[in-house]
Amino acid sequence: MPNGGVHMGIFPYQPPSETCLWEYDGATIEECQNAFLEAPIFNGKTFWDAEQQIEWVDC
C-alpha cells in the first residue's frame, strides 16, 4: 500500500472463492487486527463471539 499502510483481507477457504468476505486498509497491522476482531463477519458475530466455532486452517 502507498505510504506504508496495511491491507488485510479475508477469503473463504472451503469452498474456495476469489470473493473477499472482508477487507480493511489501516495505518498499522494492529489497527487492521482490531478492526478484524470487532467486525461481525462470522454469521453476524465478531471473532470473539464465534471463536469456539472457528476451524483454523494453516496454508
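So, here's what we can say about the structure. What you see is a predicted model, and the numbers here were worked out from it, not measured in a lab.

## Description of the nonpolar core
Here is step 1 of the chain: Core analysis: the biggest nonpolar cluster contains six residues, these being Trp22, Ala35, Phe36, Leu37, Ala39 and Phe47.
Here is step 2 of the chain: Looking at which element gives the most residues to this core, the answer is helix 1 (residues 29-38), with three residues.
Here is step 3 of the chain: Residue contacts for Phe47: discarding those within four places in its chain leaves Phe36, Leu37, Ala39, Phe42, Ile54 and Trp56.

## Quick look at the packing of aromatic side chains
Here is step 1 of the chain: For the coordinates displayed, the defined rule picks out five aromatic pairs.
Here is step 2 of the chain: Connected via pairs of aromatic rings, a cluster forms that spans Trp22, Tyr24, Phe36, Phe42, Phe47 and Trp48.

## Structural notes on the layout of surface pockets
Here is step 1 of the chain: Considered as a void within the structure, the largest pocket measures approximately 610 Å³ in volume.
Here is step 2 of the chain: Lining the largest pocket are 17 residues, with Ile10, Phe11, Phe42, Ile54 and Glu55 sitting closest to its centre.
Here is step 3 of the chain: Of the residues that constitute the lining of the largest pocket, the class distribution is twelve nonpolar, four polar and one charged.

## Digging into the side chain of Thr46
Here is step 1 of the chain: Structurally, the position occupied by Thr46 is in the loop between helix 1 and helix 2 (47-50).
Here is step 2 of the chain: Look at Thr46 and you get buried, because its relative accessible area is 18%.
Here is step 3 of the chain: Thr46 has contacts with Leu37, Glu38, Ala39 and Pro40, leaving out every residue within four places of it along the chain.

## A word on unusual backbone geometry
In most cases, non-glycine residues show a negative phi, while peptide bonds are predominantly trans.
Here is step 1 of the chain: That bond from Gln14 to Pro15 is cis: its omega, -5 degrees, falls within 30 degrees of zero.
Here is step 2 of the chain: Structurally, the position occupied by Pro15 is in the loop between strand 1 (6-10) and strand 2 (22-26).

## Points about the environment of Cys32
Here is step 1 of the chain: The residue Cys32 is located in helix 1 in this model.
Here is step 2 of the chain: With relative accessibility at 0%, the residue Cys32 sits in the buried group.
Here is step 3 of the chain: Look past the residues within four positions of Cys32 in its chain and what remains in contact with it is Val6, Met8, Trp22, Tyr24, Asp25 and Gly26.

## Observations concerning helix 1
Here is step 1 of the chain: Restricting attention to buried positions, one finds in helix 1 the residues Cys32, Ala35, Phe36 and Leu37.
Here is step 2 of the chain: Next to the buried residues of helix 1 lie strand 1, strand 2 and helix 2.

Parameters at a glance
- Residues numbered from 1 in each chain as written.
- Predicted model: local features only at pLDDT ≥ 70, side-chain atom pairs only at ≥ 80, totals over all residues.
- Heavy atoms only, no water.
- Core = buried A, V, L, I, M, F, W, Y, C linked by side-chain atoms within 4.5 Å.
- Buried < 20%, exposed > 50% of the residue type's maximum accessible area, 1.4 Å probe, protein only.
- Helix = DSSP H or I, 4+ residues; strand = E, 2+ residues; numbered from the N terminus.
- Contact = heavy atoms within 4.5 Å.
- Phe/Tyr/Trp six-rings, centres within 6.5 Å; stacked < 30°, edge-to-face > 60°.
- 1 Å grid on protein atoms, 1.4 Å probe; cavity = no way out; pocket = protein on both sides within 12 Å on 5 of 7 lines; lining within 4 Å.
- Points joined across faces, edges and corners; volume = space filled by probe spheres on them.
- Nonpolar A, V, L, I, M, F, W, Y, C, P; charged D, E, K, R; others polar.

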